[in-house]
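Examining the three-dimensional arrangement
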There are 2 protein chains.
Amino acid sequence: MSSSSNYNVQHAPVGAFASFTLGSFDRRGGFASQVGRPGNSNLYIGYRDGDGMLCLLPYFESAVGPEVPFGVTLVRDTSMRRVFGEQDIHRELGWASDTIRAGKLTLAIFSPFGPIPDPRTAAPAEVARRSCPALIARLELDNTGGTEPIKGLFALDASSLRDLESTTDGRLAGVAHARQWGFAALPEPGVRAFQAFAPENAFDGSADRLFRLGKTGGLVVEVPAGEKRELWVALGFHDAGAITTGIEARYGYTRHFKKLEDVLAYALEHREALVREAAQRDEELSRSALTRDQKWLLAQATHGYFGSTEWLDTALDDASPPAPLWVVNEGEYEMMNTFDLTIDHLFFELRYAAWAVRDVLDLYVDRYSYRDKVKRPGAPGELLPGGVAFTHDMGVGNHFSPAGVSSYERPDLDASCFSHMTYEQLTNWICCAGVYVARTGDKAFLERHKALFPELLESLLRRDAPEPGARTGVMALDSSRCGTGAEITTYDSLDHSLGRARGNLYLAGKTWASYVILAHLLERSGDARRAADSRAASQKSARAIAAGFDEQLGYIPALLDGSGSKSAIVPAIEGLLYPHVMGLLDGNAAEGEHGELIRVLRRHLNAVLKPGLCLFPEGGWKLSSSSDNSWASKIALCQHVARAILRVDLPDPDRHEEAHVRWQIEGSGYWAYSDQMQRGVPVGSRYYPRGVTAILWLDEAPAGQRSSSR
Amino acid sequence: MSSSSNYNVQHAPVGAFASFTLGSFDRRGGFASQVGRPGNSNLYIGYRDGDGMLCLLPYFESAVGPEVPFGVTLVRDTSMRRVFGEQDIHRELGWASDTIRAGKLTLAIFSPFGPIPDPRTAAPAEVARRSCPALIARLELDNTGGTEPIKGLFALDASSLRDLESTTDGRLAGVAHARQWGFAALPEPGVRAFQAFAPENAFDGSADRLFRLGKTGGLVVEVPAGEKRELWVALGFHDAGAITTGIEARYGYTRHFKKLEDVLAYALEHREALVREAAQRDEELSRSALTRDQKWLLAQATHGYFGSTEWLDTALDDASPPAPLWVVNEGEYEMMNTFDLTIDHLFFELRYAAWAVRDVLDLYVDRYSYRDKVKRPGAPGELLPGGVAFTHDMGVGNHFSPAGVSSYERPDLDASCFSHMTYEQLTNWICCAGVYVARTGDKAFLERHKALFPELLESLLRRDAPEPGARTGVMALDSSRCGTGAEITTYDSLDHSLGRARGNLYLAGKTWASYVILAHLLERSGDARRAADSRAASQKSARAIAAGFDEQLGYIPALLDGSGSKSAIVPAIEGLLYPHVMGLLDGNAAEGEHGELIRVLRRHLNAVLKPGLCLFPEGGWKLSSSSDNSWASKIALCQHVARAILRVDLPDPDRHEEAHVRWQIEGSGYWAYSDQMQRGVPVGSRYYPRGVTAILWLDEAPAGQRSSSR
């Protein structure tokens, strides 16, 4: 595993679209909310040693001094700064914690998470606890070997900086940026807040300690010689009032916390419980059978996921009962509940907030579904009956787009970025709904959408061919919404091997899965006839995939319609996941009803997972042999399918996972978790939530207990 | 007058701390609120001509392209852009309008202002009208000579961009940034909003016109060949909820406008009345006796003033009656109601919002006054009785500082920037209160502060000398709040000639004024004995100033205590203003009770207003002969004193005013109105409200009707 500690982690409370991002050397970071990028503060965290040196973690841009008004030349002597480097810093990332050691300091930041209650039914106190938009940090200073007192520093710079003691009658010591975010400690002896032009001023006399024009501020803690001391700091956020448009909503936490000061006081008061829960998560991951690299990837991904979450409430006044609305923003892109991410967040969310999955699926039906026509390639002007489908997303930048419209999809684009993902989102709803029902047994959901299931089946079939007899089990017609263009998949900026929807092997896998799942759902809702139709269609899909196997190539080429692409793609296997987690595949799947499909995909995967095809020379998986674009989240998912369903013995897994960690640390670094990687460097999808597909790894048997077939 | 049109104007509604700033070539600008700097948008305003060329005003950074997500390479052909330059643009700045002509377009932006009602007593509809945080723009396109249709464009780029039609059921066409600001037109035929990656995309087919991922958006209007067309655009702001801390307050307008869409719809609906009022202001200034340069300076200053205003309400729920709180931010510094600016805004505010002056003076008494001790220079440890005084400001960055504390003042600074301004703020309260009472006749105010007047007198006297017999009429003791330091004046970053408070000639003038005014106020409140004391003290001040006249130098040197500075300073005359506007000086002041003082100051001014002393070689006034630092607002004020009270025939006034305009256009430019100028270039106090001292010019008799004495 990469031993570098030079990378950002997006420390985030649950559901506040807010992060305290820290860790990249010589870069700014810190607090930011309602924006898909790291904060913009220089962070000054360290201590002044007995010799007067200010020892700081390297989380600031040293080249840029603080802004000083009035044209005054501020003589700031930085010669007394000692900045810790790679060799000084030891860092350990837990599932819900991040511990950084350097010199005499240990900084731990806790971002506890766990079951997220449905505010409609849960006790308000429980909702308050989980939604409190705060993190807890602990700055520990070890002066046991020291002969002089040292002073710890936790500070940053920001505009509209203000003190917190004057707004809390001295109950909190700390600083804040306007009403939006801030950090505070309890005002114990030896702990004080300061505000000044530069961090060095923190050590001025106390008469001068709150210079409100200063854009640098924070906390100072005194540690006597020979002693060890902890400073507990709450890091909180507060975005009040309606913050979205299109659908108006506020943060659910505003029902429980009226202002930033409330958030900070609550977090400090409950810090023991918060840290205990973080420790539980850490322990859980630590005890799992995952390798060290896998643990790190899941931990880093989890931090990114929560940083993108919005736990909203469409009831704008406290008198109305809670009306929650769960949103996951698409990282730096800020698109809301992007459906082709929802399906990837599914497994993580079912673990912690199944009600949120249900709500998002309901909202897709109620507001973000549409009915289209379809068209054959090469038959301009001809419009055939289509069916129900779903939009790519629900809006962007806290703006819910109008009903039936995504922020992303545009007409007249020939299978290139920003075209429609009609078919893929159709399969996504079916797969999500199937897994949701299987995991929760939610009968009300089944009942509510009973009438939709036949529509979904019909919509899938019509996108294959208008004439039942001509259907092959593979998507062949594009939505009329494409205009003169053609549909794409979630791999939107990849070449046609994964980017084009029509005849695509990846999508064929999800088509098969959708038919299998729909058969199950139709059967459960008592529609045996259509269930049989769906099962028959799934068999066609499976056969089409198997028939695509090219003995000469040794694998199934990416496009099944013979339109030319010979690319080898890993996501051929993605679709297997959904019936599998629903328990619809047999224990020994390769021998069961879907045995042929599983066997052919196992052959396929074994063939393509080779350097020159779907492995990068440097290690790491390559989703398509014809593109250097790879999506880290999808690799994690496909790894799980390979191990848990295909039971393939992956070649050199440690070396590959090491490469995937390197992509995140050396490639992404500043952007915390990124998804879309070009030879290990993110070219998009930065600061991204999707990596929580790695949660699937926890469901795998430890490596030694796996039976493999190669 | 400088003929350049390359400068920003801070177009601002009344009291929203919000501006739409536009005019600097090749720079970003546009909307910004709650921040003391121009916006950060590229503005794309222009039209697509028949030949396909996109003709744009130069209000964007042409070097920087729009941000396009997904690593997609956007081929944006900018070879079809024609950007207007200095030679193409004709600009006319009115008091409440700004008209820019280039090619076939005329853009006018209206920022109407007028009497600001007291929300406690005024009709809500009147308050709503005046507080509506919106501007009106008119884009006129003249295609009368054209043979092909042209398309007008009013667009910009911004994060969290969203359309407005989906949140208004199509009643508005436009775009917004989150819930905070936006612009819209009525959806007439030929008018449509768009959102895209680049302004060129505005002319794509209408099916593609709202691409919500695009960070560029705006309005397009079609103008047929041979026709002329106007597009009316409302530019609005909305900052909801409590926005301040320390004292919690929201914007008063939030009582009347629940969201941005309400603001924009209201402004469009009332556009005729809004434009009519702007035209009234324009007409008023245009008809005044001011020179062209003076008109421009007052107009530019007025825009800056309103951009810094906050018309708040401390009653956070609509059920409570309005509890207004008026704040003027200190431009880029964002300090609130800085007292040494309040006194300069006084004359402007008395014209439009006398109740706000009263409220600010009351708040200074209630929350931002303090009682200190005083100390003699060179007598460390000795603390003598002081008295009542006032803080420098009420806070910074929307954070009200605790009672009795400013954000600016620090201890232990020896008459340098950030030291205390105790004495100056004491004279400021007295002078403001005197002028306020004289102008309004507010008996309740007099009654309310009756007990304060003797305290103010005592506080002034004790800062002269502890022993009555030793008093000279000039400030000689520093506040104990200075610690080891010494007090300064509003000229904080100037040298001791204007920066040091003790023995300062400038402050001596305001001391004299304060005693004269206090005598008047004490008399009116029935305290004849103390009124006489105050009158006697004023005579001492006058004598001290007159006695300071140095026949060898030919003027009064800046420091009256003989501590060395031989600098010549203009603001020696500042203090004359306050008794004058109160009517306390005789009609022919030079012959009246204060005749000696006036005559000596006239001699002084005539002597110092010379190149090498208080005139820059390039033209323009130099407030101190020993510093290149000059404050434009104070020059305007002193010019008025020179003409209206001293009746001095100013040397070459046109050339000087031309220089002052040049300071703003060529020096400040991007920062709209700036105050603190170093040889014509702002070194601080940018984007500043204080220039409205120029309102005093309107009270002067036209040049021809002035009687002068030299």
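Shown above is the structure to which this text applies.
Here goes a summary of the coordinates provided. (Residues numbered from 1 in each chain as written. Chains lettered and ligands numbered in written order. Predicted model: local features only at pLDDT ≥ 70, side-chain atom pairs only at ≥ 80, totals over all residues. Heavy atoms only, no water.)

**A closer look at the overall build of chain A**
Check the secondary structure of chain A and you find 16 helices and 28 strands. The C-alpha radius of gyration of chain A comes to 27 Å, within 12% of the 27 Å expected for a compact globule of 710 residues. Taking the principal axes of its C-alpha atoms as reference, chain A extends roughly 85 × 55 × 45 Å. A buried classification covers 67% of the 710 residues belonging to chain A. For chain A, the exposed surface amounts to about 22500 Å²; the carbon and sulfur share of it is 48%. Where the 75 positive side-chain charges of chain A centre and where its 89 negative ones centre are 2 Å apart. (Helix = DSSP H or I, 4+ residues; strand = E, 2+ residues; numbered from the N terminus. Rg over C-alpha atoms; globule rule 2.2 N^0.38 Å. Buried < 20%, exposed > 50% of the residue type's maximum accessible area, 1.4 Å probe, protein only. Areas by Shrake-Rupley, 256 points an atom, 1.4 Å probe, with all protein chains shown as cover. Lys, Arg positive; Asp, Glu negative; His and termini not counted. Charge placed at Lys NZ, Arg CZ, Asp CG, Glu CD.)

**A word on the side chain of Lys634(A)**
Tracing the backbone through its elements, the reader meets Lys634(A) in helix α15 (residues 632-645). When residues no more than four places from it in sequence are discounted, the contact partners of Lys634(A) are Asp344(A), Thr490(A), Tyr491(A), Tyr506(A), Glu574(A), Leu623(A) and Arg690(A). (Contact = heavy atoms within 4.5 Å.)

**Describing unusual backbone geometry**
Both trends apply: most residues other than glycine have a negative phi, and most peptide bonds are in trans. All names here are of chain A. In this model, Ser 160 sits at a positive phi of 45°, which is unusual for a non-glycine residue. When you line up the elements, Ser 160 lands in the loop between β11 (150-157) and β12 (161-163). Positioned with a positive phi, Asp 412 is a non-glycine residue whose angle comes to about 65°. By the secondary structure assignment, Asp 412 is in the loop between β24 (399-400) and α7 (422-440).

**Examining the nonpolar core**
Among the nonpolar cores identified, the biggest contains 230 residues, and Leu57(A), Leu107(A), Leu235(A), Trp429(A), Leu456(A), Leu576(A) and Leu601(A) are the most heavily contacted of them. Residue contributions to this core peak at 12 residues, all from helix α11 (residues 505-524) of chain A. Not counting residues up to four positions away in its chain, the partners in contact with Leu601(A) are Ile545(A), Ile556(A), Ala572(A), Ile573(A), Leu576(A) and Leu646(A). Core analysis: the second largest hydrophobic core is formed by 229 residues, Tyr7(B), Leu285(B), Leu456(B) and Ala642(B) among them. (Core = buried A, V, L, I, M, F, W, Y, C linked by side-chain atoms within 4.5 Å.)

**A closer look at the interface of chain B and chain A**
On the chain A side, the residues contacting the 45 residues of chain B number 45 residues. Interface of chain B and chain A: buried area, both sides summed, is about 3600 Å²; carbon and sulfur atoms make up 61% of it. Applying the counting rule to chain B against chain A returns 4 salt bridges. For Glu248(B), the salt bridge identified is with Lys259(A), shortest N-O distance 3.3 Å. Here chain B and chain A share 12 residue pairs in polar contact (both at pLDDT 80 or more) between them. (Buried area = accessible area lost by both parts, 1.4 Å probe. Salt bridge = Lys/Arg side-chain N within 4 Å of Asp/Glu carboxyl O. Polar contact = N/O pair within 3.5 Å; in protein donor to acceptor, adjacent residues only side chain to side chain.)

**Focus: helix α1 (residues 124-131) of chain B**
Of the residues making up α1(B), those classed as buried are Val127(B), Ala128(B), Arg130(B) and Ser131(B). In the core, the buried residues of α1(B) are packed alongside α2 (260-269), α3 (271-287) and β19 (309-313) of chain B.

**Focus on the pairing of strand β15 (residues 191-196) of chain B**
All names here are of chain B. When you tally the buried positions in β15, you get 6 out of 6 residues, the bulk of the element. Across 6 bridges, the pairing between β15 and strand β16 (residues 216-223) is antiparallel. Bridge pairing in β16 links Ala 196 to Thr 216. (Pairing = 2+ DSSP bridges.)

**Side note on the pattern of salt bridges**
Close approach of charged atoms allows side chains of opposite charge to pair. Residue and element names in this part refer to chain A. Evaluation of the coordinates by the stated rule reveals 93 salt bridges over all chains. Note that Arg 28 and Glu 61 form a salt bridge whose closest N and O atoms lie 3.6 Å from each other. Taken together, the residues span a long stretch of sequence, with Arg 28 in the loop between β2 (18-22) and β3 (30-33) and Glu 61 in the loop between β5 (54-56) and β6 (81-83) at a distance of 33 residues. Looking at Glu 61, the relative accessible area reads 22%, which means it is partly exposed.

**What about the sheet that holds strand β28 (residues 681-684) of chain B?**
Residues and elements named next belong to chain B. Strand order in the open sheet made by the 3 strands is β26-β27-β28, with antiparallel pairing throughout. The outermost strands of the open sheet, each flanked by one partner alone, are β26 (629-631) and β28. With strand direction ignored, the average angle separating the axes of adjacent strands in the sheet is 45°. Looking at chain direction, β26 and strand β27 (residues 676-678) are connected through 3 bridges and run antiparallel. If you follow Trp 631 over to β27, its bridge partner there is Gln 676. (Axes fitted to C-alpha atoms, helices over the stretch in contact; angles between N-to-C directions.)

**A few points about helix α5 (residues 339-352) of chain A**
The end-to-end C-alpha distance of α5(A), which contains 14 residues, comes to 19 Å, matching closely the 20 Å that a straight helix rising 1.5 Å per residue would cover. Leu346(A) marks where α5(A) bends most, by close to 55°. (Expected span 1.5 Å × (residues − 1). Bend = angle between axes of the 7 residues up to and from the residue.)

**Brief notes about the relation of the copies chain B and chain A**
Rotating chain B by 180° and moving it 0.0 Å along the rotation axis overlays it on chain A with an RMSD of 0.1 Å. What the superposition gives is, in effect, a two-fold axis relating one chain to the other. By C-alpha distance to the rotation axis, the residue of chain B lying nearest is Gly241(B), at 3.4 Å. Looking at the interface residues of chain B, 100% of them are also at the interface in chain A, so both copies use one shared face. (Least-squares fit on C-alpha atoms with pLDDT ≥ 70 in both.)

**As for the sheet that holds β12(A)**
Residues and elements named next belong to chain A. Pairing within the open sheet is antiparallel, and its 8 strands lie in the order β7-β8-β9-β10-β17-β14-β13-β12. Pairing within the sheet leaves two strands with one partner each, and these edge strands are β7 (90-93) and β12. For this sheet the average axis-to-axis angle between neighbouring strands, irrespective of direction, equals 15°. Where strand β10 (residues 134-142) meets strand β17 (residues 228-237), 9 bridges bridge the pair, whose relative direction is antiparallel. Each residue of the ladder has a partner; that of Ala 134, found in β17, is Gly 236. Against the sheet, helix α3 (residues 271-287) makes contact with β8 (97-102), β9 (105-110), β10 and β17, and its axis sits at roughly 90° relative to β10, the strand it touches most.

**A closer look at the pairing of strand β14 (residues 181-185) of chain B**
Residue and element names in this part refer to chain B. Of all 5 residues that make up β14, 5 are buried, and the element is covered over most of its length. Neither face of β14 is exposed, since Trp 181, Phe 183 and Ala 185 on one face and Gly 182 and Ala 184 on the opposite face are all buried. Here 5 bridges tie strand β13 (residues 173-177) to β14, and the two strands are oriented antiparallel to one another. Counterpart to Ala 176 in the pairing with β14 is Gly 182. Linking two consecutive strands that pair antiparallel, namely β13 and β14, is a turn of 3 residues; a positive phi of about 45° is found at Ala 178 within it. As judged from the 4 bridges shared by β14 and strand β17 (residues 228-237), these two strands associate in the antiparallel manner. Looking at β17, one finds that Phe 183 is bridged to Leu 235.

**Focus: the environment of Leu297(B)**
All names here are of chain B. Within the secondary structure layout, Leu 297 lies in helix α4 (residues 292-307). Leu 297 sits 148 residues away from Phe 445 along the chain, and the two C-alpha atoms are 33 Å apart. Once you skip the residues sitting within four places of it in the chain, Leu 297 turns out to touch Glu 657, His 660, Val 661, Gln 664 and Trp 697.

**Remarks on the packing of aromatic side chains**
The tally for this structure, following the rule as stated, stands at 84 aromatic pairs over all chains. Look at Tyr333(B) and Tyr688(B): their rings are 6.2 Å apart centre to centre, the planes differ by 80°, and that puts the pair in the edge-to-face class. Separated by 355 residues along the polypeptide, Tyr333(B) in the loop between β20 (324-328) and α5 (339-352) and Tyr688(B) in the segment after β28 bring together distant segments of the chain. With respect to burial, Tyr333(B) and Tyr688(B) carry one shared label: buried. Taken together, Phe339(A), Tyr364(A), Tyr368(A), Phe390(A), Trp429(A), Tyr436(A) and Phe445(A) form an aromatic cluster joined through their ring pairs. For the cation-ring pair, Arg281(B) lies above Phe113(B), with the distance from its terminal atom to the ring centre recorded as 5.8 Å. (Phe/Tyr/Trp six-rings, centres within 6.5 Å; stacked < 30°, edge-to-face > 60°. Lys NZ or Arg CZ within 6 Å of the ring centre and 35° of its normal.)

**Side note on the environment of Arg367(A)**
Residue and element names in this part refer to chain A. With respect to the helices, strands and loops of the structure, Arg 367 is situated in the loop between α6 (354-366) and β21 (369-375). Since its relative accessible area comes to 21%, Arg 367 is described here as partly exposed. If sequence neighbours within four positions are ignored, Arg 367 has contacts with Gly 246, Ile 247, Phe 400, Ser 401, Pro 402, Ala 403 and Gly 404. Among the polar contacts made by the side chain of Arg 367, one reaches the main-chain carbonyl oxygen of Ser 401 at a distance of 2.9 Å.

**Regarding the environment of Thr99(A)**
All names here are of chain A. Within the secondary structure, Thr 99 sits in strand β8. Each C-alpha atom of the pair Thr 99 and Ala 137 lies 9.6 Å from the other, and the pair is 38 residues apart in sequence. If we skip the residues at most four places from it in the chain, Thr 99 touches His 90, Arg 91, Glu 92, Thr 106, Leu 107 and Ala 108.

In short, geometric facts, not functional conclusions.
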